Amino acid sequence: MNGTLILTKQCNLRCRYCFESHEHVFMTEETALAAVDLLAGDGKKQGGISFFGGEPLLRKELIYRCVERVATAHPEKEFRYNMTTNGLLLDEEFLTFACDNRIKIALSHDGLMSRVNRLYADGRDCLALLDEKLMLLLRWQPKAFIMATLAADCVTQAAESVISLYAKGARQVNLAIDSRPDAGWNDDSMDELGRQLHIIADYIFAAFQEGKRISFNAFDEKILSITKQKPCHVCDLGHRKLYIDWDGAIYPCIQFGGLPEYQIGTVKTGIDEAVRERIHRRSLVKPSFCRGCALESRCVNDCACLNFQQCGDMGEVSPVQCTYQRMLIETADSLARRMLAADEAQFVERYLN
Ligand code: SF4
Ligand code: SF4
């Protein structure tokens, strides 16, 4: 079980595609520690805690307190820690703490597209500072996961932006598309997205030929879904993850936060198993749209949270997501064939061993 703690809904940025409300609300220490205790008490030896927001680094002290709580009150529990951050408040002190306590940091950075997407409230972009923090993070965590988000009107800069992140030293990059229902994707921008993915694939292929260990997660997971039969996504809504909101209310995943009909408990009262199971069972209904699709096992169509965000229904996939998944699979397969033909030993080592 992994618990995502929403330490605040506030953020020091106002990204153009953000779905967060930016309310001035903050998780109290009492709520955070109760959340830690709840997660520690699930009867399992291992577990996970993800620090999330808004911007979690606005609550550094609370992160310190949560980790300390595990060490003092639950020393038998082996937690994996993660944090997703915009990175602007990263500093040596926090990174020392993160490395001492094995907190894996994922940085959201849109590469060159940050100039138009990742803005302060007064409209200034943060690219210069973001690049500085990217370098700092990579010094401490060289394999840190860098997550770019692609807005439809930036699609022509997608490949250049991803490549700029590798050029700055990133080794693991992913690209998610802005998937809000009003994100503005159309046939032209989707066609362009297909072209951009091929440029990224060419870059990854060139790096592979030089023996450079970089990965583009969106391709890798599609390749591994064939070579290792590893599913691209296992939703299991309500069973694997808990989303613990700033006020202690618990939901099965992030997109359901604040919706009373999806609340499955609180940190004080625990999980209402009947509600959790009811929501879980509803999430098992596969999109009728996907019936008979040969790509189903390689697609994220079972992500109830994403489907709910895009279609307002856990059991429906948006046409944009479907097209994106098909493009990723087609491009990743063609990349895999080229890599296999160029250097079979390296391909086997990376994708089969
Ligand atoms: S950094 Fe994240 S939470 Fe903050 S505005 Fe951007 S997308 Fe929203
Ligand atoms: S979303 Fe599209 S690609 Fe994915 S399983 Fe459904 S029909 Fe197939």
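About the criteria used
- Residues numbered from 1 in each chain as written.
- Chains lettered and ligands numbered in written order.
- Predicted model: local features only at pLDDT ≥ 70, side-chain atom pairs only at ≥ 80, totals over all residues.
- Heavy atoms only, no water.
- Phe/Tyr/Trp six-rings, centres within 6.5 Å; stacked < 30°, edge-to-face > 60°.
- Helix = DSSP H or I, 4+ residues; strand = E, 2+ residues; numbered from the N terminus.
- Buried < 20%, exposed > 50% of the residue type's maximum accessible area, 1.4 Å probe, protein only.
- Lys NZ or Arg CZ within 6 Å of the ring centre and 35° of its normal.
- Salt bridge = Lys/Arg side-chain N within 4 Å of Asp/Glu carboxyl O.
- 1 Å grid on protein atoms, 1.4 Å probe; cavity = no way out; pocket = protein on both sides within 12 Å on 5 of 7 lines; lining within 4 Å.
- Points joined across faces, edges and corners; volume = space filled by probe spheres on them.
- Disulfide = S-S within 2.5 Å.
- Pairing = 2+ DSSP bridges.

A.B. asks: Talk me through the packing of aromatic side chains; I want residue IDs and the actual numbers.
C.D. replies: All chains considered together, the criterion is met by 12 aromatic pairs. For the ring pair Tyr64 and Phe97, a centre distance of 4.5 Å and an interplane angle of 70 degrees mean the geometry is edge-to-face. Of this pair, Tyr64 sits in helix H2 (residues 60-73) while Phe97 sits in helix H3 (residues 92-100); the two residues are 33 residues apart in sequence, bridging distant segments of the chain. Among the residues examined, Tyr64 registers a relative accessible area of 16% and is labelled buried. Members of the aromatic cluster, connected to one another through ring pairs, are Phe51, Phe79 and Tyr81. The ring of Phe79 carries the charged tip of Lys77 above its face, separated from the ring centre by 5.5 Å.

A.B. asks: How would you explain the pattern of salt bridges if you had to name every residue and give the values?
C.D. replies: One pass over the full model with this rule turns up 19 salt bridges. Linking Glu273 and Arg276 is a salt bridge whose minimum nitrogen-to-oxygen distance equals 2.9 Å. In this pair, Glu273 and Arg276 both sit in helix H9 (residues 273-283), 3 residues apart, roughly one turn of the helix. Judged by relative accessible area, Glu273 falls into the partly exposed class, the value being 44%.

A.B. asks: How would you summarise the environment of Ala294 if you had to cite specific residues and measurements?
C.D. replies: Within the fold, Ala294 resides in the loop between H9 and helix H10 (304-311). Assessed through its relative accessible area of 73%, Ala294 is described here as exposed. Along the sequence, Ala294 and Phe145 sit 149 residues apart, while their C-alpha atoms lie 30 Å from each other.

A.B. asks: If you had to explain the layout of surface pockets to someone new, which residues and values would you point to?
C.D. replies: Empty space within the second largest pocket amounts to approximately 310 Å³. Looking at the lining of the second largest pocket, the elements that each hand over two or more residues are H2 and strand S3 (78-85). Considering each element in turn, the lining of the second largest pocket owes the most residues, 5 residues, to S3.

A.B. asks: Residues and numbers for the state of the cysteines, please.
C.D. replies: Under the counting rule described, the total for this entry stands at 0 disulfides. For the unlinked cysteine Cys99, the closest cysteine sulfur is that of Cys66, found at 19 Å. Exposure remark for Cys99: the relative accessible area of 30% places this residue in the partly exposed category. Here Cys235 stays unpaired: no disulfide links it, and the sulfur of Cys303, its closest cysteine neighbor, is 5.3 Å away. Residue classification places Cys235 among the buried residues on the basis of a relative accessible area of 11%.

A.B. asks: Which residues make up the sheet that holds strand S8 (residues 241-244), and what values go with them?
C.D. replies: Pairing is mixed across the open sheet formed by 11 strands, whose spatial order is S7-S6-S5-S4-S3-S2-S1-S8-S9-S10-S11. Across the chains shown, the open sheet's two edge strands, defined by having one partner strand only, are strand S7 (215-216) and strand S11 (270-271). One ladder, built from 5 bridges, connects S3 with strand S4 (residues 103-108); its direction is parallel. Directly across from Asn82, in S4, lies its bridge partner Lys104.

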